[in-house]
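Residue-level structure breakdown
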Amino acid sequence: MLKSELRQQMRQLKRQFTPQQLSELSFPIISRLKEKIRDANVIMAYDALPDEVNTRELLDDLVAEGKTVLLPKVLDIESMELRRYTGSDSLREGAFHIMEPVGERFTDLQKIDVILVPGMAFDAQGHRLGRGKGYYDRFLSSLTSHFSPLLIGVCFDFQKVSEVPVDKFDISVDEVI
C-alpha cells in the first residue's frame, strides 16, 4: 500500500468518530502515557489536532507536576523548533492552523528524556506514517544523531496497522501507545 493510500484510509477511519468519541478514546491512552513517562523531566509533546489523541490535559498535568514540556513551532516549509509550554494561554494559532507555543525557545535538546510523536498510522516495528510534510522525520533525525531520547508514538488503536510503508528518511519510534 502506498503512503498516500494509507493516509486516506486513516482519514476515513477517523471521520467515523465524533469529536466526543475521540476524546473518550483518548483517556486510556493518556493514562498509559502518564505511567510510562512519570520519571521523565523534560518531555517533547504536541498539542493535538481535533482528530488526534487529545493531549491537552496531559500537557497541563505535566506542567503542574513541575516538568518541562516542549512543543514544536513551525518555522518555515522545512523546519521547526521547540518552545516551552506553560499552559494553554501560552499557545497561539500557527502554521497549518495548529496551536503552537509562544514561550521561550528551548535549545538544550540533549536534556529531552521523552518525545511523544503523533502519526497517522504506526506498525508493531515502530514505523510511523506522518501527515506527509516530513517535519517530524527531519527534526527527529537531527536529534537522534546526537542522543537517544525515548520516542513514543501516540495513536488510537484503530491507527495501528500491520505494515507502514517506509522510506530511507523515515524515523521509527521505540514504542507505540
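Here we summarise the structure given alongside this text. (Residues numbered from 1 in each chain as written. Predicted model: local features only at pLDDT ≥ 70, side-chain atom pairs only at ≥ 80, totals over all residues. Heavy atoms only, no water.)

**Some words on the overall build of the protein chain**
This is how it is decided: A run of DSSP states H or I qualifies as a helix once it reaches four residues; a run of E qualifies as a strand once it reaches two. Both are numbered from the N-terminal end. Only protein chains enter the calculation, and the probe is 1.4 Å; a residue is then buried if its accessible area is under 20% of its type maximum, exposed if over 50%, and partly exposed in between. Here, residues are in contact when the closest pair of their heavy atoms is within 4.5 Å. In this description, accessible areas are obtained by the Shrake-Rupley approach with a 1.4 Å probe, and a residue is regarded as covered only by the protein chains that are shown. Neither His nor the chain ends is counted toward charge; the positive residues are Lys and Arg and the negative residues Asp and Glu. To locate a charge, take NZ of a lysine, CZ of an arginine, CG of an aspartate or CD of a glutamate.
Along its length, the protein chain carries four helices and 11 strands. With the C-alpha coordinates of the protein chain rotated into their principal frame, the extents come out at 40 × 35 × 30 Å. Within the protein chain, the proportion of its 177 residues that are buried is 46%. Contacts in the protein chain between residues far apart in sequence, at least 24 positions, make up 68% of those at least 6 positions apart. In the structure as shown, the protein chain presents an accessible area of about 9300 Å², 49% of it carried by carbon and sulfur atoms. Distance between charge centres in the protein chain, computed from 23 positive and 28 negative side chains, equals 2 Å.

**Some remarks on the sheet that holds strand S2 (residues 68–74)**
Note the cut-off: Here, a strand pair is defined by DSSP locating no fewer than two bridges between the strands. Geometry is summarised by axes, namely lines fitted to C-alpha atoms with helices restricted to the contacting stretch, and by angles between N-to-C directions that run from 0 to 180 degrees.
Strand order in this open sheet of seven strands is S6-S3-S2-S1-S7-S10-S11, and the pairing throughout is mixed. For this open sheet the edge positions go to strand S6 (105–106) and strand S11 (175–176), each flanked by a neighbour on one side alone. Along the sheet, helix H2 (residues 19–36) contacts strand S7 (114–118), strand S10 (150–154) and S11; its crossing angle with S10, the most-contacted strand, is approximately 170°.

**Let's talk about the layout of surface pockets**
The line we're drawing: Residues are called lining when one of their atoms sits within 4 Å of a cavity or pocket point, these points coming from a 1 Å grid over the protein atoms alone, where a cavity is a set in which a 1.4 Å probe fits but cannot get out and a pocket is an open set with protein on both sides within 12 Å along at least five of seven lines. Grid points are joined across faces, edges and corners, and a volume is the space filled by probe spheres set on the points. In this classification, the charged set is Asp, Glu, Lys and Arg, the nonpolar set is Ala, Val, Leu, Ile, Met, Phe, Trp, Tyr, Cys and Pro, and all remaining amino acids, among them Gly, are polar.
The space that makes up the largest pocket amounts to roughly 670 Å³. Along the wall of the largest pocket there are 32 residues; nearest its centre are Arg128, Arg131, Lys133, Tyr135 and Tyr136. Those elements that provide at least two residues to the lining of the largest pocket are helix H1 (3–15), S2, strand S5 (99–101), strand S9 (128–129) and helix H4 (135–144). Residues belonging to the lining of the largest pocket are distributed by class as follows: 15 nonpolar, four polar and 13 charged.

**Side note on the nonpolar core**
How we decide: Among buried residues, those of type Ala, Val, Leu, Ile, Met, Phe, Trp, Tyr and Cys that are joined through side-chain atoms within 4.5 Å constitute a nonpolar core.
Residues Met44, Ile112 and Leu116 are the most contacted members of the largest nonpolar core, which totals 45 residues. If you tally residues by element for this core, the top one is H4, at five residues. Core analysis: the next-biggest nonpolar cluster, separate from the first, contains seven residues, Leu6, Met10, Ala121 and Val161 among them.

**Examining the environment of Leu150**
Looking at where Leu150 falls in the secondary structure, it is placed in strand S10. On the basis of relative accessible area, Leu150 is assigned to the partly exposed category, the value being 26%. Between the C-alpha atoms of Leu150 and Ile115, which are 35 residues apart in sequence, the distance is 6.2 Å. Not counting residues within four places of it along the chain, the set of residues in contact with Leu150 comprises Lys36, Asp113, Val114, Ile115, Asp174 and Glu175.

**Quick notes on the environment of Asp61**
Tracing the chain through its elements places Asp61 in helix H3 (residues 56–64). Taking the C-alpha atoms as reference points, Asp61 and Gly87, 26 residues apart in sequence, are found 9.6 Å from one another.

**Describing the pattern of salt bridges**
The condition that has to hold: Salt bridge, as used here, is a side-chain nitrogen of Lys or Arg placed within 4 Å of a carboxyl oxygen of Asp or Glu.
Scanning the entire structure with this criterion turns up 16 salt bridges. Here Glu35 ties to Arg38 by a salt bridge, and the two come within 2.0 Å at their closest N and O atoms. Its relative accessible area of 47% is what places Glu35 among the partly exposed residues. With a closest N to O distance of 3.1 Å, Lys36 and Glu175 form a salt bridge. Of this pair, Lys36 sits in helix H2 while Glu175 sits in strand S11, and the two are 139 residues apart along the sequence. The exposure class of Lys36 is partly exposed, given its relative accessible area of 40%. Residue class for Glu175 comes out partly exposed when judged on its relative accessible area of 25%. What you see here is one network of salt bridges that share partners, running through Lys14, Asp51, Glu52 and Arg131.

By themselves, these observations are geometric and do not establish any function.
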